[in-house]
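If you want the building blocks of each chain, they are given just below.
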Amino acid sequence: MAFGIKRQELQEWKEKVKRGEIAFLTHYWLDDRFPEMRTVTKVGCSDLDKLLKWGEAYGIPARALHHRSEYPHFDLFGERQITILTKENMLQQLERFK
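Residues numbered from 1 in each chain as written. Predicted model: local features only at pLDDT ≥ 70, side-chain atom pairs only at ≥ 80, totals over all residues. Heavy atoms only, no water.

## A closer look at the overall build of the chain
Stage number 1. When its secondary structure is counted, the chain shows four helices and four strands.
Stage number 2. In terms of overall size, the chain behaves like a compact globule, its C-alpha atoms giving a radius of gyration of 13 Å where 98 residues would be expected to give roughly 13 Å.
Stage number 3. Structurally, the chain occupies a C-alpha span of about 30 × 30 × 25 Å along its principal axes.
Stage number 4. Among the 98 residues that make up the chain, the fraction classed as buried is 37%.
Stage number 5. Across the chain, contacts joining residues at least 24 apart in sequence account for 55% of those joining residues at least 6 apart.
Stage number 6. Accessible surface, the chain: about 6400 Å² in total, of which carbon and sulfur atoms supply 51%.
Stage number 7. Where the 17 positive side-chain charges of the chain centre and where its 15 negative ones centre are 2 Å apart. (Helix = DSSP H or I, 4+ residues; strand = E, 2+ residues; numbered from the N terminus. Rg over C-alpha atoms; globule rule 2.2 N^0.38 Å. Buried < 20%, exposed > 50% of the residue type's maximum accessible area, 1.4 Å probe, protein only. Contact = heavy atoms within 4.5 Å. Areas by Shrake-Rupley, 256 points an atom, 1.4 Å probe, with all protein chains shown as cover. Lys, Arg positive; Asp, Glu negative; His and termini not counted. Charge placed at Lys NZ, Arg CZ, Asp CG, Glu CD.)

Shown next, in the form of structure tokens:
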């Protein structure tokens, strides 16, 4: 279950993804499979080659890609989320959820 973001933020992420940009969206997240995790970052891009190369650069295997209609994305959480958001200079994505 996702929560903690505004409709406008989601819309902006979707538009960036559709334009073929690498887009980041972090939100609160509850999933019984990962009870210790509280946030997830969706990294999406409609250009699959671009997104797969991005993931490969961070050691994320292609099998981790979520093929969601117009919004293919990787889910980042835990240490990987922090490491990647730090490298991408996107820590403000996490700061707001502390």
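More follows now that the structure is in view.
## A closer look at helix α2 (residues 48–57)
Stage number 1. Among all positions in α2, only Leu-51, Trp-54 and Gly-55 are buried. For α2, the buried positions fall inside an angular range of 95° around the axis, keeping them on one side. Of the exposed residues in α2, the ones pointing more than 90 degrees away from its buried face are Asp-49, Lys-53, Glu-56 and Ala-57.
Stage number 2. Taken together, the buried residues of α2 touch β2 (23–29), β3 (39–44), β4 (73–76) and α3 (78–87). (Arc of directions from axis to C-beta.)

## A short note on the pairing of β2
Here is the key point about a regular strand: its side chains alternate between the two faces of the sheet.
Stage number 1. Extensive coverage of β2 is indicated by the burial of six of its seven residues.
Stage number 2. Note: β2 against β3, six bridges, orientation antiparallel. The residue of β3 that forms the bridge with Phe-24 is Val-43. (Pairing = 2+ DSSP bridges.)

## Quick word on unusual backbone geometry
Stage number 1. The phi angle at Asn-89 is positive, at roughly 55°, despite the residue not being glycine.
Stage number 2. Tracing the chain through its elements places Asn-89 in the loop between α3 and α4 (92–95).

## Some words on the environment of Leu-85
Stage number 1. Along the polypeptide, Leu-85 turns up in helix α3.
Stage number 2. Judged by its relative accessible area of 0%, Leu-85 is buried.
Stage number 3. For the pair Leu-85 and Glu-9, spaced 76 residues apart in the sequence, the C-alpha separation amounts to 17 Å.
Stage number 4. Non-local contacts of Leu-85, meaning those with residues more than four positions away in its chain, are made with Phe-24, Thr-26, Thr-41, Met-90, Leu-91, Gln-93 and Leu-94.

## Some words on the nonpolar core
Stage number 1. Ranked by size, the top nonpolar core spans 13 residues in total, and within it Phe-24, Val-43, Leu-51, Trp-54, Ile-60, Phe-74 and Leu-76 carry the most contacts.
Stage number 2. At the level of elements, α2, β4 and α3 are the ones that each hand at least two residues to this core.
Stage number 3. Discounting residues that sit within four places of it in the chain, Ile-60 has contacts with Trp-54, Gly-55, Phe-74, Leu-76, Arg-80 and Ile-84.
Stage number 4. Trp-13, Val-17, Leu-25 and Tyr-71 belong to the second largest nonpolar core, which has five residues in total. (Core = buried A, V, L, I, M, F, W, Y, C linked by side-chain atoms within 4.5 Å.)

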